[in-house]
Amino acid sequence: MADTIYDALRESHEIQRSLLRKLLRSKPGTRERIDLFTQTRRELEAHEAAEERFLYAPMLMDDMGLSSTRHALHEHHEIDELVEDLQGLDPAGEAWIDKAKELSHEVHHHLREEEKKFFQVSGKVLSQTQKVQLAKKYRNDYARMHRVLAAE
Ligand SMILES: [Fe+2]
Ligand SMILES: [Fe+2]
């Protein structure tokens, strides 16, 4: 079976799950916690951008994909806001871990909903050829976004 957009997205989702697990286990105020947060922030941002462009934009062109796309983009925005909140907190403080748990909860909920629901909806909207082509486009843009974010 050819590599499809869903294989590429699930790969990124696993990276996010693993980073969040490590982030929640990190010790307050350590270099490790700060570095893991940077990695998580970039990972979420690179994934969201490439996913919006190469999963949700094509889905949005079909009436069947409208409501799932709106829902998913709203959750991306909520995740962005939690990341921003976390960035403003002291990584040694009590409030930090509460906010990190909230972020982890929100991301896990979102990934599950995509994997169980939105991917199935988009599976009906996209052709097999599109699913393969979008995988390539997603991977290229995701890698490019990582380069852009690392240079900031
Ligand atoms: Fe998403
Ligand atoms: Fe995703």
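Presented here is a report on the structure given in the accompanying data block. As the structure is a computational prediction, the values presented were derived from the model and not from experiment.

### Describing the overall build of the chain
Check the secondary structure of the chain and you find five helices and zero strands. Over its C-alpha atoms, taken along the principal directions, the chain stretches across nearly 50 × 30 × 25 Å. Counting only residues that meet the buried cut, the chain has 45% of its 152 residues in that class. In the chain, 79% of the contacts between residues at least 6 apart in sequence involve partners at least 24 apart. Here the chain displays about 8300 Å² of accessible surface, and carbon together with sulfur accounts for 52% of that area. Averaging the positions of the 24 positive and the 29 negative side-chain charges in the chain gives two centres separated by 5 Å.

### Section: the coordination of the iron ion (ligand 2)
For the iron ion (ligand 2), the protein coordination sphere consists of His-13 (NE2), His-47 (NE2), Glu-51 (OE) and Glu-114 (OE), at 2.1 to 2.2 Å. Geometry at the iron ion (ligand 2) is irregular, judged from the four donor atoms that bind it and their angles of 88 to 168° at the metal. Expressed as a motif, the donor residue spacing for the iron ion (ligand 2) is H-x33-H-x3-E-x62-E. Between the iron ion (ligand 2) and the iron ion (ligand 1) the interatomic distance comes to 3.1 Å, and Glu-51 is a ligand of both metals. Residue Glu-51 is found in helix H2 (residues 31-60), and its partner Glu-114 is found in helix H4 (residues 94-125); the two are separated by 63 residues along the sequence. For the pair Glu-51 and Glu-114, a shared accessibility class is recorded, and that class is buried.

Conventions adopted
- Residues numbered from 1 in each chain as written.
- Chains lettered and ligands numbered in written order.
- Predicted model: local features only at pLDDT ≥ 70, side-chain atom pairs only at ≥ 80, totals over all residues.
- Heavy atoms only, no water.
- Helix = DSSP H or I, 4+ residues; strand = E, 2+ residues; numbered from the N terminus.
- Buried < 20%, exposed > 50% of the residue type's maximum accessible area, 1.4 Å probe, protein only.
- Contact = heavy atoms within 4.5 Å.
- Areas by Shrake-Rupley, 256 points an atom, 1.4 Å probe, with all protein chains shown as cover.
- Lys, Arg positive; Asp, Glu negative; His and termini not counted.
- Charge placed at Lys NZ, Arg CZ, Asp CG, Glu CD.
- Donors = N, O, S within 2.8 Å, 3.2 Å for Na, K, Ca; no water.
- Tetrahedral: all angles 85-135°; square planar, octahedral: opposite > 155°, others 65-115°.

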